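# Summary of the model geometry
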Amino acid sequence: MTYSAFRLFREGLRDHSGWEEAWRDAEPQPAYDVVIVGGGGHGLATAYYLAKEHGIGRVAVVEKGYIGGGNTGRNTTIVRSNYLLEANAHFYELSLKLWEGLSADLNYNVMFSQRGVLNLAHSDAQRDAHMRRGNAMRLNGIDSEWLTREQVAAFVPHLDVSENARFPVVGGLLQRRGGTARHDAVAWGYARAASRRGVDIVQNCEVTGFVIDGGAVKGVQTSRGTIRAKKVGIAVAGHTSHVAAMAGLRLPIESHLLQAFVSEPIKPFIDTVVTFGAGHFYVSQSDKGEMVMGGDLDFYPSYAQRGNLPIIEEAMSCGLQMFPALSRLRMLRHWGGIMDMSMDGSPIISKTPISGLYLNGGWCYGGFKATPGSGFVFAHTIARDEPHPMNAEFRLDRFERGYAIDDKGAGPTPQAH
Amino acid sequence: MTFMRSRDAGPPPAASQLPQPGRLASGGAVNREQALAFSFDGKRLAGYAGDTLASALLANGVHLVGRSFKYHRPRGILSAGPEEPNAIVRIGGGDRADPNSRATMAELHEGLVAESQNRFPSLNIDLGAVNSLVSRFLPSGFYYKTFIGPGFVGQNRAWMVYEKGIRHAAGMGRGVPHADPDTYEHRTAHCDVIVVGGGPAGLAAALAAADSGADVILVDERPALGGQLRFETYEIDGVVAPDFAARIASDLASRPNVRVLTRTTAFGFYDHGTVALLERVTDHLGPTAPAGLPRQRRWQVKARQVVLAQGAIERPLVFADNDLPGVMLASAVRRYASEYGVAAGRQVLVFTTNDDGYRTAIDLKARGIGVVLVADARPVPGIVADWARGAGIEVLAGHVVTQATGRGRVQGAAVAPLAGGRARIVACDLIAMTGGFSPAVHLHSQAGGKLVWRDEISAFVPGRIGQAARSAGAGNGVFALDALIREGAEAGAAAAEAAGFARRELPGWQVADEAPAAPAEPLWAVALPEGVKAKRFVDFQNDVTASDLGLAVRENYRSIEHVKRYTTLGMGTDQGKTSNINGLAIVAEARGAPIPEVGTTTFRPPYTPVTLGALAGAEVGQHHAPKRRTPMDAWHRANGAVMTASGLWDRPKTYVRAGETYREAWIRETLIVRAGVGICDVSTLGKIDVQGPDAQAFLDRLYCNPMASLAVGKARYGLMLRDDGFVMDDGTVTRIAENRFYVTTTTANAAKVLMHMEYLLATAWPDMKVQVASITDQFGQIAVAGPRARAVLEKIAGRALGDEVLPHLGTAEAVAAGVPVRLFRVSYSGEMAYEVAAPWRGALAVWEALVAAGAMPYGLEAMGAMRIEKGHVAGAELDGRTTPADLRLGRMVSAKKHFVGKAMLGRAGLTDPDRLRLVGLEPADGVTPIPAGANLVHDPNAPAPMQILGHVTSATWSPTLRKSIALALMRPSATEGGRMVVAAAPIIGAVVPVKVVDPVFFDSAGERMHG
Amino acid sequence: MLTIRCPHCGERTHTEFTFIGDGERERPADDASEAVWYDYVYLRDNRRGPLAEIWQHTLGCRGFALVERDLVTHAVSGTRPLPPARLPGASS
C-alpha cells in the first residue's frame, strides 16, 4: 500500500479502516541468508538495503524489544556531514545524500528538514579551526560557509551575539544542507520498506548467543529459538560489547550515558540547529515546537538509560548563553541513552575475525545522522563480504594497526570523544 | 474644532464590586475579605486571595480557556491540579511572561494578567478550528503518510515548504523574546528522611519520622500542607479535615528537626537517594515580590531514606465529546466547591465507576448545588448509592454517559444502560466524571523502581526498587483513609529506623467512619453510540482519541512505546497524567492482551515541567564559567591590551598604542623583541611541582626524551606521549634540586598532564616515591626575550647573569623588585630568552620592574609570529593526531629507555612514510598571504571531492622576514615529482600556490638564543 | 547524583570526581609485546553489569578510588583506595 495525500483523503472518508500494517511481525524462520541483530535504525536500514540493493531474499532483523526503542528513539535528531577527517566527511556526506531522497525512497515522511546546522566560534583560534574544517568540506564537495557575527545574528534572531556572553560569538560555520529529521519515522519507514521487500522483522526476540563452528558463524541463539544464518550482522549500538562478547570478541568500545531534553512547545522561535562552541551543547526546535537540546555525556559508563541532573544543568547554562530568552520556558522531560563510544570517536563498520560475522557499532555522537549511510555500506559489507569504499577505513583492526580516525584528537579515551 | 466622543466610563470598578456568579455564598478557604482583580484575555474579573487562576475563572463562569493542539476544539478546565491538560495559559507579560502555565496551579495575585493560547485571532473565534472540520483527514500520524512530494520540485524541497506551515500551526505558547529579569538559586540539603507529598499519608510519615528524631524534609507542591485533607469533609480526631491538616502543619512547623517546603515540587528522583525539588519562591506574589529573592529555587536533596506519598491522580472517562468545556474530574469539582467556594456548575451530572463519585454528588448537594443524576457504570453500586438517594439524588446503576451534548459548553448528557439500549438526554451544565484513581508512581519509576499491576484496583502500584525508598498512601494503591494514614506512619517510622533512629509510637488518628468501598469497575472507554460520529478523547491536550489508538494498533504500532510516539499520547505538557492509563488499557483491549503485558511507558523526569532558568541557576551571563586572570591582568587592560579568551583565561593578544592599528602593534612588538627586549605574560602555562627520591626516574619514564641525565640546575624541553604513542603535550622540565623538578605544560593541557601524572603514580607505578602538585596558580611567569634580555634582567636582579651563572637551559634564583624569583633560560622565540617565575603576589611588581627597566610588553600575536618563524610546534600542531616524527622531533625519542607510549609507537599506521608531516610554506609569488585554515591540494579547480594533501596549521605575516609564512602538516608524497601544491580556502575564495620549505624560517642554526 | 566514597574524604557526590576508566585492566610491563599493550590501551570488557572503575577525586584530595558499581542500576557496592592502602611503616 502506497502512502499519499490521496490515500489519506480516501481513508478519511472510510474512517481509516483500510490502512494496512506498517510492517509485518514475523515468526522467526529456522534459517535465513542474513540475520541482523538489532532492530534500530541502522539494523533496519541494513536489512532494507540488503533486499533493495543486493537482492538478498531471506533477511531477518531480530530485535530484543520493540524496533527503534534504543538510541534511534532517544537522539536529538540532528543530521549533518560537517566532519573534519576525510573518512568521516565522505561517509556522512553519503548518508546526507541518502537522507535527501529518503522520504521518497521509503514512501514514508521522515520529515527531513534541511534548516542548516550552525557551529558557533568564540575565539580567533576556534574560527581558524572551523575554517579549516569548512574548507576541507568544500574541497570534499560538501557545502559549508562562514557567517560573520552580524550574519549569525541575522540568521538566528534571539541568539545572543553581544559582549554580555561569557564567550562572545565571533562567527559561525554553517552547513545549510544539514538539519533535523523525525527519528521514530526513520525506524518505522525503514521497517515498512524492508517488510514490503520480504524482510522478516522479529520483535521481542533477544539474541543470547552465536552458533560458531570452525571460525565461522552459523546462526544465532535467541529467546525464541535458534536461527541459522549464513551471515550475521551486529547493529546494537550501546549493547555492542555485550553482544559481541557472546561471540568471544572484545572491542574498543565503552558504553556511556548521554542525555537529552526537550522543553514545552512554543511557536517557532529557532529555525535552525545551533551548536555552542565554548562547551558541548546544541539546540533545535522540533516541528511540534519543543526545543530539543543535548550536551555532553554524563561522563561515567552506564547501561541504565537514565541519568542525573548535573549534566543537564551544565547544558542549560550553555543554552542560556546562546539564547537567554529560553530561561522562562520549561523542561518537559529528559532521558538517557547508551552511547557506544569508540576509541577514536569514529564508527566501526567492519568484518570481524569470525567469518560471516559483521560488526556495526562505536557510533559515539554520530549514530542518528549516519542511519541511511550506515545501512547502505553495512549491507554492502555483508553482501559482498568486503567493505564499501565509504567504510573501508572504519575497520575493526584500525586501532591495532595505528590508523585511528580521531576527529577530536582525544586518543584512546572513549568519554573524551 | 475636533469632535471627541467622550466615553465617560469612569474608573473601573474595584475588585470587590465585581460579580462572581460562580462563587458559593459561603465556604472555602479563600479570603473573602481580600478581593483581587485579574484579567483573562483582556476581560477584567475578580477573585479572592487563596484562589488559583482556575478557581477564579470558574467563579466567574469562565469555562472556555483554550483550544486543543491539533483540532483547535474548545477546551475547559478539567482538573484542580498539576495534571491539568487544557487550562494552559500565558501568565504575565513583557519579560516576565510565562507561556504554557497551568491555570489550576497558578495562585491568583492582584493584577494577574492571563491570556489563552493556541488560538487566532481569539479564543471564541479561532481560525484553527478549521482543523476540526477536516479532522477526519488528520488522524494520528497523518503527516508520515503525506507531505512527501511532489518530487519534481526537487529532492526534499516539498517537505521544506509544508514544514513552514506545520511549524506555525504547532507550538502552544509563544516564546518570551527577552532576557529573564528574574534570578534562580541552587541549594543543596541533606536529611535523614525526605517525605514527598504532604497529604494524610505524607503528614503521618513526616510526624512518625520526626518523632524518632530524624532530620526530616517534607515537600508539597501546594501552598499549604494537607493534600486531600484540604477539601474533604470527613473528620479526623473530631476535627473537620482542613482544620486537622492545619493543626498538623502547625505542629510540624514547630519542630526543629523538620523542614517543610510548600509550593515545592519534587520533580526528579535520581541515583543514590537524590531528590530534586523546584521551589516556587515568588511566583504567587506577582509584583509585590520582595526584591532580592530568587524567583525559584532548585534543591538537590541527599536523603538517606525516601518516603513517596504523592497520592493518586483521577482518571477521566472516555466517551463521545468528553472534551466539551464543562466536563471535569469529579474530585476536582468537589475540591473547587469545598476549598475555593466555587460552583463549577449548578446542575451537575456525576458519571462514575467507583464510590468516590458519590462523595462529590453528596458534597455538592449539601452545598446547595443541583445534582441531577449519578450515572454509575456498575450494575451493583455499594452503600454509597443509598446514601445519595437518601440525600435526594437520583442514581442510575449500570448506566453510562455515552456522549456530552452542547455547543461549546456542556448542556446535557446522553445517558444509556451500559449493557446497551436507548440513551436519554439529561440536561445539565457540568459532567463530573471519575474513572478511578491512578497512583502517582512517577518518582518511584524514575529511580528505576518496578511497577506491578493490581487488577482489583485497576492500577499500577510501586513494586521493587533498588534504592532506599518506600511508597505509602494513595500513591501506593491504598485509598481508604485510615489505612493510608497507618501506612504513611509506618513508612515514616520504618524510614527513620533504617536511617538509624529508634521507633516511637506512631501517630494514631481517629478517622470518622467511612463506608467500606465497593470495588471500582474499570470502564476504559464507552462505546460510540450507533450511528454517532464523534470523538472520544484520551489525551485532551494532544487530541488523541480512542480511534487513534485503535488505528495505531491496526497499523501494528502495538507496543505502548510505539503507540505513544505514533499518536503522541501522553507527550503534551501534562505528560500524560490523565491519559496514560486509559490509553494503555484501550491499547490492551485492542490487542486482546492483559494490561501488564502491554506494560507502561517509561516515566522520565521531571514530574512537572521545570523552568530552564532554574536549572541553570546562577551560571548565566558572565557566570557561565569562571574567569581566570593572571597577576598582570589589570595592568594589561590598563595599557591597551586587546584581550582574548584562552580556555578560561584571558590573555593579551597585543598592546595597541595611540595611533596604531592592531596589526601595526604586534608587528612592532615582534621587531622590538628581535632587536631589543620584550616581556610576555606566560603565567597561564601549566606548572607542576614534582618531588621525591624517584622524581627523576618518574620523569624519565614519562617523557619520550631522556630525563635521567638532567643535572641539577638544568632545564630540558620535554615531549610527552599518550599511551597510544601520539604526542600529548610539550613543555620544559627543570631540575631545581636533587629531588625536585619544576615542570611546565601548555596552557590548554595543564589539567590533563597533571591528571596523567597522578594516574600513573596511583595505578601504574605506586611504588615510586613521588609527589606531584599543581603550582600554576601559585606563580606568575614572565618571558623576557631579545638580545637585551640579559641586560634588563641583570638590572632588576642586581646581579650578573652571564653564561657561567645562567647558561642556556639553566636555572638560577634571584631577587627582583624585592621578590624572590626563579630564572629559567629557555627560548620560545628563538632569541636569547629567559622565563621568570615569581610568587603570584609578587609577579606584578616584577613585571613593572621589567617595564621600568626598558622591556616592552608583547602578546600572543607577536609570540605566535616568532615561534612560527622558528618552526616551534604549538597547540595547532599538537592536535592529538601527531607523532614525534610527524613534528620532526623523531630524534628526541629515546631508543634506550622505556617511556609512556613506546609500545604503540611502532604500529604500521604511526610509521607510515606518507603520514602528514610538519613543513613550512611560503607563497609561491612571495606576496599573497597564506590563509589560516587553508587546506593543501594540487588543483583546487578539480572536481570535488578531491584529495586533500594536508592543511595549514599556523599562518602569519612574518615581521622579521617581511613575508607571509605558514606551518602545515602535509603528506610527503604531495610534492613528489616536483608537483605544485596550492593552499586553498574556498570559504573565503582564496587560492594560493605555495612553496614547501623548511619549517624553521629564521635562524635555522639556532644561534640567536646564545646571544 | 551518584554518591562515591572517597577513601580519604568520605562520601561525596560524583560531581567532585572524574571518571578515569576501567579499573579491571592491568598495566602491562614496559617490555610487554605490542599485542599486549594494544589490548590494554584499546580493548574493554564493557560489561553490562557490575564493574570496577577508577575515579579520581579531582575537586577534593585528588586521590584515586576503585569503585565497584553496577552499570545497569548505578548501585555502588564498594570503594577501595588506589593504590591499595598499606600500613604505615611497611617496606616500600
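Residues numbered from 1 in each chain as written. Chains lettered and ligands numbered in written order. Predicted model: local features only at pLDDT ≥ 70, side-chain atom pairs only at ≥ 80, totals over all residues. Heavy atoms only, no water.

### A short note on helix α3 (residues 86–100) of chain A
Residues and elements named next belong to chain A.
- Helix length check: α3 (15 residues) gives 21 Å between terminal C-alpha atoms against 21 Å at 1.5 Å per residue, within 8%.
- Taking burial as the measure, the 15 residues of α3 include eleven buried ones, the bulk of the element.
- Taken together, the buried positions of α3 are occupied by Ala-87, Asn-88, Ala-89, Phe-91, Tyr-92, Glu-93, Leu-94, Ser-95, Leu-96, Trp-99 and Glu-100.
- In the core, the buried residues of α3 are packed alongside β3 (78–79), α4 (102–106), β6 (171–175), α7 (183–196), β17 (348–351) and α10 (371–384). (Helix = DSSP H or I, 4+ residues; strand = E, 2+ residues; numbered from the N terminus. Expected span 1.5 Å × (residues − 1). Buried < 20%, exposed > 50% of the residue type's maximum accessible area, 1.4 Å probe, protein only. Contact = heavy atoms within 4.5 Å.)

### Examining the pattern of salt bridges
Residues and elements named next belong to chain B.
- Under the criterion given, the structure shown has 98 salt bridges over all chains.
- Note that Arg-334 and Asp-356 form a salt bridge whose closest N and O atoms lie 3.0 Å from each other. With Arg-334 in helix α6 (residues 330–340) and Asp-356 in helix α7 (residues 356–366), the pair connects residues that are 22 residues apart, well separated along the chain.
- Measuring nitrogen to oxygen at the nearest pair gives 2.6 Å for the salt bridge that ties Arg-825 to Asp-803. (Salt bridge = Lys/Arg side-chain N within 4 Å of Asp/Glu carboxyl O.)

### A word on the interface of chain A and chain C
- Opposite the 27 residues of chain A that make contact, chain C presents 25 residues.
- Taken over both partners, the interface formed by chain A and chain C buries close to 2,400 Å², and the fraction arising from carbon and sulfur atoms is 53%.
- Together, Arg-250, Tyr-300 and Tyr-303 of chain A form the three largest contributors to the area buried by chain A at its contact with chain C, with a combined 27%.
- Across the chain A-chain C interface, the total number found is three salt bridges.
- Where chain A packs against chain C, one counts 15 residue pairs in polar contact (both at pLDDT 80 or more).
- Mapped by element, the contributors of at least two residues to the side of chain A that touches chain C are α8 (240–245), β12 (253–263), β15 (291–301) and α11 (398–401) of chain A. (Buried area = accessible area lost by both parts, 1.4 Å probe. Polar contact = N/O pair within 3.5 Å; in protein donor to acceptor, adjacent residues only side chain to side chain.)

### Concerning the confidence of the model for chain C
- Per-residue confidence for chain C averages 93 on the pLDDT scale, and 92% of its residues sit at or above 70.
- For this predicted complex, the interface confidence score (ipTM) comes to 0.97, while the overall pTM stands at 0.96. (pLDDT = per-residue confidence, 0-100.)

### Description of the interface of chain B and chain A
- Taken together, the 118 residues of chain B in the interface contact 118 residues of chain A.
- The junction of chain B with chain A conceals about 9,800 Å² of combined surface from both sides, 53% of it contributed by carbon and sulfur atoms.
- It is Arg-167, Leu-612 and Ile-987 of chain B that lose the most area in chain B upon contact with chain A, and together they represent 8% of the buried surface on that side.
- For the interface between chain B and chain A, the tally reads eleven salt bridges.
- Its salt-bridge partner being Arg-298 of chain B, residue Glu-313 of chain A comes within 2.5 Å of it at the nearest N-O pair.
- Run the count over chain B and chain A and you get 72 residue pairs in polar contact (both at pLDDT 80 or more).
- Sort the elements by how many residues they give to the side of chain B that touches chain A and helix α3 (residues 157–169) of chain B lands first, with eight residues.

### A look at the packing of aromatic side chains
- Counted by the stated rule, this structure contains 41 aromatic pairs over all chains.
- On the basis of an interplanar angle of 65 degrees and a centroid distance of 5.0 Å, the ring pair of Tyr-48 of chain A and Tyr-49 of chain A is categorised as edge-to-face. The same class applies to Tyr-48 of chain A as to Tyr-49 of chain A, namely buried.
- When the centroid spacing of 5.1 Å and the interplanar angle of 75 degrees are considered together, the rings of Phe-91 of chain A and Tyr-92 of chain A count as edge-to-face. The burial state of Phe-91 of chain A is the same as that of Tyr-92 of chain A; both residues are buried.
- In this structure, Arg-75 of chain B is placed above the aromatic ring of Phe-537 of chain B, and the distance from its NZ or CZ to the ring centre is 4.7 Å.
- The ring centre of Tyr-3 of chain A lies 5.7 Å from the NZ or CZ of Lys-145 of chain B, which sits over that ring. (Phe/Tyr/Trp six-rings, centres within 6.5 Å; stacked < 30°, edge-to-face > 60°. Lys NZ or Arg CZ within 6 Å of the ring centre and 35° of its normal.)

### A few points about the nonpolar core
- Core analysis: the largest hydrophobic core is formed by 174 residues, its most contacted members being Trp-99 of chain A together with Leu-53, Phe-319, Tyr-336 and Phe-351 of chain B.
- Counting residues per element, this core draws most heavily on α7 of chain A, at eight residues.
- Val-217 of chain A, Ala-762 and Met-768 of chain B together with Tyr-42 of chain C belong to the second largest nonpolar core, which has 67 residues in total. (Core = buried A, V, L, I, M, F, W, Y, C linked by side-chain atoms within 4.5 Å.)

### So, the sheet that holds β12 of chain A
- With mixed pairing, the nine strands of this open sheet are ordered in space as β5(A)-β6(A)-β4(A)-β13(A)-β14(A)-β15(A)-β12(A)-β16(A)-β31(B). Whereas interior strands pair on both sides, the edge strands pair on one side only; in this sheet they are β5 (145–148) of chain A together with β31 (610–611) of chain B.
- By the bridge criterion, four bridges tie β5 of chain A to β6 of chain A in an arrangement that is antiparallel. Following the sheet pairing, Thr-148 of chain A is matched in β6 of chain A by Gly-171 of chain A.
- Seen against the sheet, helix α5 (residues 124–139) of chain A touches β4 (117–121), β5 and β6 of chain A and runs at an angle of roughly 150 degrees to β4 of chain A. (Pairing = 2+ DSSP bridges. Axes fitted to C-alpha atoms, helices over the stretch in contact; angles between N-to-C directions.)

### Comments concerning the sheet that holds strand β38 (residues 740–745) of chain B
Residues and elements named next belong to chain B.
- Strand order in the open sheet made by the five strands is β36-β37-β38-β35-β39, with antiparallel pairing throughout. The outermost strands of the open sheet, each flanked by one partner alone, are β36 (715–721) and β39 (771–774). Geometrically, the sheet is characterised by an average inter-axis angle of 25 degrees between neighbouring strands, direction not taken into account.
- As judged from the seven bridges shared by β36 and strand β37 (residues 727–737), these two strands associate in the antiparallel manner. Looking at β37, one finds that Leu-719 is bridged to Asp-730.
- Where helix α19 (residues 750–764) meets the sheet, its contacts fall on β35 (686–691), β36, β37, β38 and β39, and the angle it forms with β39 comes to roughly 160 degrees.

### Here we look at helix α1 (residues 34–42) of chain C
- Listed as buried for α1 of chain C are Trp-37, Tyr-38, Tyr-40, Val-41 and Tyr-42 of chain C. The buried side chains of α1 of chain C occupy one side of the element, clustering within an arc of 165 degrees when seen end-on. (Arc of directions from axis to C-beta.)

### Examining the side chain of Arg-132 of chain A
- Among the structural elements, Arg-132 of chain A can be located in helix α5.
- Here Arg-132 of chain A is buried and forms no salt bridge, its nearest opposite-charge partner Asp-879 of chain B lying at an N-O distance of 4.5 Å.
- Setting aside residues no more than four positions away along its own chain, Arg-132 of chain A makes contact with Leu-84 of chain A together with Asp-879, Arg-881, Gly-933, Asn-935 and His-951 of chain B. (Lys, Arg positive; Asp, Glu negative; His and termini not counted.)

### Some thoughts on the environment of Leu-261 of chain B
- Relative to the assigned elements, Leu-261 of chain B resides in strand β12 (residues 258–261).
- As for Leu-261 of chain B and Arg-222 of chain B, which are separated by 39 residues in sequence, their C-alpha atoms are 9.5 Å apart.

### A closer look at the environment of Leu-905 of chain B
Residues and elements named next belong to chain B.
- Mapped onto the fold, Leu-905 is located in helix α23 (residues 902–905).
- Residue classification places Leu-905 among the buried residues on the basis of a relative accessible area of 17%.
- Once the C-alpha coordinates of Leu-905 and Arg-722 are considered, the two residues, 183 residues apart in sequence, prove to be 9.9 Å apart.
- Apart from the residues lying within four places of it in its own chain, the contact partners of Leu-905 are Leu-721, Gly-725, Pro-884, Val-893, Phe-899, Leu-910 and Thr-911.

### Comments concerning a nonpolar patch on the surface
- A surface patch of nonpolar side chains, amounting to about 280 Å² of accessible area, comprises Val-130, Leu-133 and Val-134 of chain B.
- Residue position: Leu-133 of chain B is located in helix α2 (residues 130–133). (Patch = residues over 30% accessible without salt bridge, like charges linked within 9 Å, V, L, I, M, F, W, Y side chains within 5 Å. Areas by Shrake-Rupley, 256 points an atom, 1.4 Å probe, with all protein chains shown as cover.)

### Looking at the pairing of strand β15 (residues 296–308) of chain B
Residue and element names in this part refer to chain B.
- Buried residues dominate β15, accounting for twelve of its 13 residues.
- Of the pairings in the sheet, the one linking strand β8 (residues 184–196) to β15 comprises twelve bridges and is parallel in character. Residue pairing in the sheet places His-190 in a bridge with Lys-302 of β15.
- Here strand β14 (residues 274–280) pairs with β15 via seven bridges, running antiparallel. Directly across from Leu-277, in β15, lies its bridge partner Trp-299.
- Alignment of β15 against strand β28 (residues 469–471), held across three bridges, turns out to be parallel.

### Describing unusual backbone geometry
- The omega angle of the peptide bond from Phe-120 of chain B to Pro-121 of chain B is 0 degrees, so this bond is cis rather than trans.
- Within the fold, Pro-121 of chain B resides in the loop between β7 (112–116) and α2.
- Cis geometry is adopted by the peptide bond preceding Pro-83 of chain C, which originates at Leu-82 of chain C and carries an omega value of 0 degrees.
- With respect to the helices and strands, the residue Pro-83 of chain C is situated in the segment after β6 (76–82).
- Residue Cys-364 of chain A is not a glycine yet carries a positive backbone phi of 50 degrees.
- Summarising the element assignment, Cys-364 of chain A is placed in the loop between β18 (357–361) and α10.

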